[in-house]
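# An overview of the molecular structure
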Amino acid sequence: MKNSLTGWTIAHFAVDMSCLYIAFRGVGTIYIALDWTIYMHREAVAILLYNILAFGLQSVIGALVDRFPKLQKIVGIEGTDLMLIPLIMIWIWRTEVISWAALIIAGILNACFHVGGGVDVIRNSGGRITPSGIFVSSGALGVVTGTVLGRSGQGALLPILIVCVAIAVLYFTTDNWARDIVACSREGRKCEITAPLKEYVHFDLLKRNAVPALTVACMFFAVLIRSYGGFIWPFGFDRTGYLILLVPCASCLGKALGGIAADRFGALETAVVSLLISAILFFTGDGSWVIMGISLLLFNMAMPITLAGLVNAMPEDLGFAFGLSTLALLLGYILLYVIDTGSIDLRYLTLILILVAAVLIAAVLRGKGKETLGGKKNEIDQ
């Protein structure tokens, strides 16, 4: 199966950029002219609703994709194609109802795209973590780009053009059921959407005596802890000007480098060492944006490894495994609304969370051996 890692990665940027643009431009700007308090409240509700739809639905959609493999080709591609609809909606109709409707549609399409694209990348990874790390890395850049464009009050033309570019790249580089149907219709023959081959992905990450249920629990809570820790991360300085790019750039590079390092040095070694060094730099680099940026980069290197760990524990349920990782991210975000950190020293709390995440990952992953990261090598267009 031909697969374009480049296409999915560009589309990931475009989809996340579109969703955050819709959230801040569509919903946010409606209320800012009315009342600042109302604006802040509605903006928070909009982001929470978007996160629930985009991240909470992925486990459900992933389970459906596992049950009906033919859906995989549809949800990933159409999650990108149909993103033009909510963008056009808020471009033409600047009303409250349309803005909320566009946000809901965008959140659902985001969930569809992530499952379809993520499963396709994993299925064609050949047992390597690098492709997944690269795929997930571009989302952070899409989030900050969409946020800046949305809050700037710019029209939707630029986001629409970016999505069109992503659609074109996917169309020419990735297996596309719509393209197959067009080709069949031109040739005058019947066309059926074929399901992807039922090939199990083998990352060979787990300890020999690892219990799948325990592995899933450890990886799930490691992602949850990392999610919450990333949200409460105390920097010790104001992120203004170009420093607003610090978090998305560190997150993007960390996830991409995490997959590459895991394939080169081993998943356990990469995850534990990166988290431990991150903890040291975090605790000693308060106030320095350079040290904090490096610490945050190292903190994010474990992300593709935990995803691979979930997939390794559930090789027959790739979609559900991918969805579980994003469900954990959502729960980490919701903890912001549940836990009152007013009387807690965030530096010590964040440090503890980093160390606990390292322990959870180390509990189920094994060190690099001769067969680590083995598997049938598939051709991937990067």
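Residues numbered from 1 in each chain as written. Predicted model: local features only at pLDDT ≥ 70, side-chain atom pairs only at ≥ 80, totals over all residues. Heavy atoms only, no water.

### Quick word on the packing of helix α10 (residues 212-232) against helix α14 (residues 303-313)
A pair of packed helices can be characterised by two numbers: the angle between their axes and the separation between those axes. Interaxial distance between α10 and α14 falls to 9 Å at its minimum, and their mutual angle equals 155°. As the angle between them shows, α10 and α14 are arranged roughly antiparallel. Relative to α14, α10 is oriented so that their crossing is left-handed. Where α10 approaches α14, its residues Pro212, Thr215, Val216, Met219, Phe220, Ala222, Val223 and Arg226 are matched on the opposing element by Met303, Thr306, Gly309, Leu310 and Ala313. Considered class by class, the residues forming the contact of α10 with α14 number nine nonpolar, three polar and one charged. (Axes fitted to C-alpha atoms, helices over the stretch in contact; angles between N-to-C directions. Helix = DSSP H or I, 4+ residues; strand = E, 2+ residues; numbered from the N terminus. Parallel < 35°, antiparallel > 145°, perpendicular 65-115°, else oblique. Left-handed = near helix turned anticlockwise from the far one by under 90°. Contact = heavy atoms within 4.5 Å. Nonpolar A, V, L, I, M, F, W, Y, C, P; charged D, E, K, R; others polar.)

### Remarks on the layout of surface pockets
The gaps of empty space that remain are located by a probe, the size of a water molecule, rolled over the atoms. In this structure, the largest pocket encloses a volume near 1700 Å³. Around the largest pocket, the lining comprises 45 residues; the ones closest to its centre are Ala140, Val143, Phe231, Val247 and Tyr333. Broken down by secondary-structure element, the contributors of at least two residues to the lining of the largest pocket are α1 (5-32), α2 (36-56), α7 (130-152), α10, α11 (246-265), α13 (289-300), α14 and α15 (318-338). With nine residues, the single largest contributor to the lining of the largest pocket is α7. (1 Å grid on protein atoms, 1.4 Å probe; cavity = no way out; pocket = protein on both sides within 12 Å on 5 of 7 lines; lining within 4 Å. Points joined across faces, edges and corners; volume = space filled by probe spheres on them.)

### Section: the packing of aromatic side chains
Counted by the stated rule, this structure contains 11 aromatic pairs. Judged by centre distance (6.5 Å) and plane angle (45°), the ring pair of Trp233 and Phe235 falls under tilted. The same class applies to Trp233 and to Phe235, which are both buried. Ring geometry for Trp233 versus Phe282: centroids 4.9 Å apart, planes at 65°, classification edge-to-face. Residue Trp233 is located in the loop between α10 and α11, and its partner Phe282 is located in helix α12 (residues 267-284); the two are separated by 49 residues in the primary sequence. Relative accessible area serves as the criterion here: at 0%, Phe282 is assigned to the buried category. (Phe/Tyr/Trp six-rings, centres within 6.5 Å; stacked < 30°, edge-to-face > 60°. Buried < 20%, exposed > 50% of the residue type's maximum accessible area, 1.4 Å probe, protein only.)

### Quick notes on the side chain of Asn51
Residue placement: Asn51 occurs in helix α2. When its relative accessible area of 11% is taken as the criterion, Asn51 is described as buried. If we ignore the near neighbours within four places in the chain, the residues touching Asn51 are Gly56, Leu330 and Tyr333.

### Observations regarding α13
The end-to-end C-alpha separation of α13 is 16 Å, in line with the 16 Å expected for 12 residues at 1.5 Å each. All buried positions along α13 are accounted for by Met292, Gly293, Ser295, Leu296, Leu297, Leu298, Phe299 and Asn300. Elements that come into contact with the buried residues of α13 comprise α10, α11, α12, α14 and α16 (346-364). (Expected span 1.5 Å × (residues − 1).)

### Considerations on a nonpolar patch on the surface
There is a patch of nonpolar side chains on the surface, built from Ile88, Trp91, Ile92, Trp93, Leu157 and Leu161 and spanning about 610 Å² of accessible area. Breaking the nonpolar patch down by element, the ones donating at least two residues are α5 (84-92) and α8 (157-173). Take the nonpolar patch: its biggest share by element is three residues, from α5. Examined against the element boundaries, Trp91 turns out to sit in helix α5. Classification of Trp91 by relative accessible area gives partly exposed; the value is 44%. (Patch = residues over 30% accessible without salt bridge, like charges linked within 9 Å, V, L, I, M, F, W, Y side chains within 5 Å. Areas by Shrake-Rupley, 256 points an atom, 1.4 Å probe, with all protein chains shown as cover. Salt bridge = Lys/Arg side-chain N within 4 Å of Asp/Glu carboxyl O.)

### Topic: the state of the cysteines
Applying the stated criterion across every chain yields a total of zero disulfides. There is no disulfide at Cys252, and the cysteine sulfur nearest it, in Cys249, is 7.1 Å away. (Disulfide = S-S within 2.5 Å.)

### What to know about helix α6 (residues 96-123)
Since one α-helical turn is 3.6 residues long, residues separated by three or four positions face the same way. Along its 28 residues, α6 runs 41 Å from first to last C-alpha, staying within 8% of the 40 Å computed at 1.5 Å per residue. Summarising burial for α6: 22 of the 28 residues are buried, a large majority.

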